[in-house]
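# Coordinate analysis (summary)
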Amino acid sequence: VLPLRIAEVYLGPDVGTVRVSLAVPGVASAVGRLIGASAFVGALCAPLVAVLARGIGRVRLAGAGFATAAIAALAMSMAPTLPYLALANGVLAAAGALLQALLIGWLAETVVARRRTAALSLSLLPLYAGAILGPGVAAVAVRLGASSAGDELALGSVFAVAAAVLASGLVAVRRLRP
């Protein structure tokens, strides 16, 4: 979905008239740069978990991470230009990296050694479920969504669903003890 959103922002209203929008000169390059930059931002932010967790605590850090990720996902649906889309995607990547490092560190420290491998494996279940169910959910969201100016491919609903899923992480975090 992200490459299509990049093409949509890059091409504007003409995205619907282009038969293969990702093949338009400049779009593939923009996709590669943006996805590469977001991975780099995520890699840079992951080590900050230890410092931030000591300062504000794991539960608050997780809550802030889920809230930031949800807002960034919504911002991606409304980004009018590639720099804004890149910024929102970078924030989402940073929040995701922080959450992933926080979860793995928390599990490694709190789960007894004999159950640690299973716990770490199960912690990846949402990632696997997203990879399996995500395309179908995205297809339904696009079908139910309506195109509008700046959202010609009706991808806004996909990012809204992603924001809702990320915001649901706040519910789970509230159940954790600080």
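## Describing the overall build of the protein
Across its full length, the protein carries eight helices and zero strands. Going from the N terminus to the C terminus, the protein shows its helices and strands as α-α-α-α-α-α-α-α. Contacts spanning at least 24 positions in sequence make up 65% of the contacts within the protein whose residues lie at least 6 apart. When the accessible area of the protein is evaluated, it comes to approximately 10,600 Å², of which 70% is carbon and sulfur surface.

## Quick look at the side chain of Ser 38
Position of Ser 38 among the secondary structure elements: in helix 2 (residues 27–45). The residues touching Ser 38, leaving out its near neighbours within four places in the chain, are Asn 89 and Ala 93.

## Quick notes on the pattern of salt bridges
Close approach of charged atoms allows side chains with opposite charge to pair. What the rule picks out here adds up to one salt bridge. Between Arg 58 and Glu 109 there is a salt bridge, and its shortest N-O distance comes to 2.5 Å. Placement of the pair is Arg 58 in helix 4 (residues 58–78) and Glu 109 in helix 5 (residues 82–110), with a sequence separation of 51 residues.

## What about the confidence of the model for the protein?
This prediction gives the protein a mean pLDDT of 79; 85% of its residues lie at or above 70. The secondary-structure element of the protein with the lowest mean pLDDT is helix 1 (residues 2–11), recorded at 71, while helix 4 shows the highest, at 88.

## Some words on the environment of Phe 66
If you trace the backbone, Phe 66 turns up in helix 4. The sequence separation of Phe 66 and Ala 95 amounts to 29 residues, and the corresponding C-alpha distance is 7.2 Å. Contact partners of Phe 66, with chain neighbours within four places excluded, come to Leu 99, Leu 166, Gly 169, Leu 170 and Val 173.

## Digging into the nonpolar core
General note: in soluble globular proteins, nonpolar side chains tend to be found buried as a group. If you look at the biggest cluster of nonpolar residues, it comprises 14 residues, and the most contacted ones within it are Leu 2, Ile 6, Leu 34, Met 76 and Leu 85. Listed by contribution, the elements that provide at least two residues to this core are helix 1, helix 2 and helix 5. Counting nine residues, the second-largest nonpolar core is a separate cluster that includes Ala 53, Val 59, Leu 102 and Val 173.

## Considering a nonpolar patch on the surface
A cluster of nonpolar side chains, contributed by Leu 122, Leu 125, Tyr 128, Ile 132, Leu 133, Val 137, Val 161 and Val 165, occupies part of the molecular surface with about 800 Å² of accessible area. Among the elements of the structure, helix 7 (125–144) and helix 8 (156–174) are those that each provide at least two residues to the nonpolar patch. Here the nonpolar patch takes five residues from helix 7, the largest share from any one element. The residue Leu 122 is located in helix 6 (residues 113–123) in this model.

## Re the side chain of Ser 77
Position of Ser 77 among the secondary structure elements: in helix 4. A distance of 2.7 Å separates the side chain of Ser 77 from the backbone oxygen of Leu 74, its partner in a polar contact. Other than its neighbours up to four places away in sequence, Ser 77 contacts Arg 5, Gly 156 and Phe 159.

## Details of the environment of Arg 116
The residue Arg 116 is located in helix 6 in this model. Taking the relative accessible area as the measure of exposure, Arg 116 reaches 27% and is therefore partly exposed. For Arg 116, the residues in contact, after removing those within four places along its chain, are Leu 107, Ala 108 and Val 111.

## Details of the packing of helix 3 (residues 48–56) against helix 5
At a minimum axis distance of 9 Å, the contact between helix 3 and helix 5 shows a crossing angle of 75°. Judged by the angle between their axes, helix 3 and helix 5 are roughly perpendicular. Of the residues in helix 5, those touching helix 3 at Leu 48, Val 49, Leu 52 and Ala 53 are Leu 98, Ala 101 and Leu 102. Tallied by class, the residues present in the contact of helix 3 with helix 5 amount to seven nonpolar, no polar and no charged.

Parameters at a glance
Sequence order as written defines the numbering, with residues in each chain counted from 1. This being a predicted model, a pLDDT of at least 70 is required before a residue's local features are given, and a value of 80 or more before pairs of side-chain atoms are given or counted; all residues contribute to the totals for chains, interfaces and linings. Based on all heavy atoms of the structure, the side-chain values leave hydrogens and waters out of the count. Numbered from the N terminus, helices here are DSSP runs of H or I no shorter than four residues, and strands are runs of E no shorter than two. The criterion used for residue contact is that any of the two residues' heavy atoms lie within 4.5 Å. A 1.4 Å probe and the Shrake-Rupley method give the accessible areas. Residues count as covered only by the protein chains that appear here. The working definition used for a salt bridge is a side-chain nitrogen of Lys or Arg within 4 Å of a carboxyl oxygen of Asp or Glu. Across the chain, each position has a pLDDT score giving the predictor's confidence in that residue, from 0 to 100. Residues belong to a common nonpolar core when they are buried Ala, Val, Leu, Ile, Met, Phe, Trp, Tyr or Cys residues joined through side-chain atoms within 4.5 Å. The buried label goes to any residue with under 20% of its type's maximum accessible area, the exposed label to any with over 50%, and the partly exposed label to all in between, with areas taken from a 1.4 Å probe on protein chains only. Patches in this entry comprise residues that are over 30% relatively accessible and not in a salt bridge; like charges within 9 Å are linked, as are nonpolar side chains (Val, Leu, Ile, Met, Phe, Trp, Tyr) within 5 Å. N or O atoms within 3.5 Å of each other form a polar contact, as long as, within protein, one can give a hydrogen and the other can take it, and as long as residues adjacent in sequence are counted only when both atoms are side-chain atoms. Between N-to-C directions, angles cover 0 to 180 degrees, with each direction set by a line fitted to C-alpha atoms, over the stretch in contact for helices. By definition in this entry, angles of less than 35 degrees are roughly parallel, angles greater than 145 are roughly antiparallel, angles of 65 to 115 are roughly perpendicular, and the rest are oblique. Charged residues are taken to be Asp, Glu, Lys and Arg, nonpolar residues to be Ala, Val, Leu, Ile, Met, Phe, Trp, Tyr, Cys and Pro, and polar residues to be all remaining types, Gly included.

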